[in-house]
Amino acid sequence: MDYSFVKQNKIIPVVVLNQLEDTLPRLQALLDGGIKVAEITFRTACAPEALSLAVKSFPQMLIGAGTVINQEQCLKAIECGAKFVVSPGFSSEVARICREKDIPYIPGVVTPTEVMMAKTEGLSLLKFFPASSFGGIKTLKALSSAFPDVKFLPTGGIDDKNLAEYLSQKFVVAIGGSWMMKGEPCDITRLSKQAVEIAKEYL
C-alpha cells in the first residue's frame, strides 16, 4: 500500500463534523492553511454524507475516514470515497477489507502485542493512540526499539506546542491532531498555517 501521502503531509487533521453544512467551510479553511489531507471521523450521524461531499468538492485534497471500528463502517467509508482508513484500535476485518480494496489502513496501537497483530496483517505504519495518555515519545521509543521496521502516526494530545518534538523522532512519519480545527474557519486557517510552518523542517 502507498503511504507516501502521510510522509508528504506530516500533519493529518482529525475532523469531526456534527453538521453537514460545516463540511465545505472547514475543509476549505484547512486547504487555505496549506493542509491537503483530512481524516473525517465516522462517529457522527452526518459523517458518511460529509465524507462524500468532501471527496467530491475537494479533488485536490486526500480525504480519508477515521474512527472506523468495524466491517460495516469500513465498507461504507470506501463506498463514500475514502482514500484511506484510520481506526482507534486494530481490526483484522477492517485490515482485510482495506487490503482487498487496496486502501491504506492505519490502525491504532498502544502495546507490543497490538503492534505484532498489525504486523501479521502486513502493516508497518501504525497510529499510536492516545499518545499522551500512554507515555508519548518515551513509549514510542521503546516500541521503536522492539520494532525498528515500524513507523508511527501518534495522535491524541498533540498540538502546536509539542508538534516539533514528535516530528523530530525518526520513527514518527507524521502526526494526527484536532487542535487546528477549533474555532471559526479563519482560526482553522491560521492554526493550519502555523502547523505547516513548523512541519516544514521535517519534510
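Our subject is the structure that appears above.
Every value quoted in this text rests on a predicted model; they were computed, and no experiment measured them. (Residues numbered from 1 in each chain as written. Predicted model: local features only at pLDDT ≥ 70, side-chain atom pairs only at ≥ 80, totals over all residues. Heavy atoms only, no water.)

Quick notes on the packing of aromatic side chains
For step 1, the next point in the chain: Inspection of every chain in the model, using the stated rule, returns one aromatic pair.
For step 2, the next point in the chain: Sitting above the plane of the F129 ring, K127 keeps its charged end 4.7 Å from the centroid. (Phe/Tyr/Trp six-rings, centres within 6.5 Å; stacked < 30°, edge-to-face > 60°. Lys NZ or Arg CZ within 6 Å of the ring centre and 35° of its normal.)

Quick notes on the pairing of strand β2 (residues 37-41)
For step 1, the next point in the chain: The buried count for β2 comes to five of five residues, which makes it a mostly enclosed element.
For step 2, the next point in the chain: Along β2, one buried face is formed by V37, E39 and T41 and the opposite face, lined by A38 and I40, is buried too.
For step 3, the next point in the chain: Of the strand pairs in this sheet, strand β1 (residues 11-15) and β2 are connected by two bridges, and their pairing is parallel. Its bridge partner lying in β2, V15 is registered against I40.
For step 4, the next point in the chain: With respect to chirality, the unit in which β1 leads through helix α2 (residues 23-32) into the neighbouring parallel β2 is right-handed.
For step 5, the next point in the chain: Bridge count between β2 and strand β3 (residues 62-66): five bridges; the pairing is parallel. Across the sheet, I40 pairs through a bridge with A65, a residue of β3. (Buried < 20%, exposed > 50% of the residue type's maximum accessible area, 1.4 Å probe, protein only. Helix = DSSP H or I, 4+ residues; strand = E, 2+ residues; numbered from the N terminus. Pairing = 2+ DSSP bridges. Right-handed = clockwise from strand over helix to strand, strands pointing away.)

Looking at the side chain of S87
For step 1, the next point in the chain: Locating S87 in the fold gives a position in the loop between β4 (85-86) and α5 (92-101).
For step 2, the next point in the chain: We classify S87 as buried; its relative accessible area is 1%.

Side note on the pattern of salt bridges
For step 1, the next point in the chain: For the coordinates displayed, the defined rule picks out seven salt bridges.
For step 2, the next point in the chain: Between E197 and K200 there is a salt bridge whose closest N-O contact spans 3.3 Å.
For step 3, the next point in the chain: You can call K200 partly exposed: its relative accessible area is 49%. (Salt bridge = Lys/Arg side-chain N within 4 Å of Asp/Glu carboxyl O.)

Considerations on unusual backbone geometry
The general pattern is negative phi for most residues beyond glycine and trans for most peptide bonds.
For step 1, the next point in the chain: Omega for the peptide link from F129 to P130 comes to -10 degrees, which places this bond in the cis form.
For step 2, the next point in the chain: Position of P130 relative to the elements: it lies in the loop between β7 (125-128) and α7 (136-146).
For step 3, the next point in the chain: One non-glycine residue, T67, lies in positive phi territory at about 55 degrees.
For step 4, the next point in the chain: Along the polypeptide, T67 turns up in the loop between β3 and α4 (71-79).
For step 5, the next point in the chain: Phi at D102 takes a positive value of approximately 55 degrees, unusual for a residue other than glycine.
For step 6, the next point in the chain: Judged by its relative accessible area of 58%, D102 falls in the exposed class.

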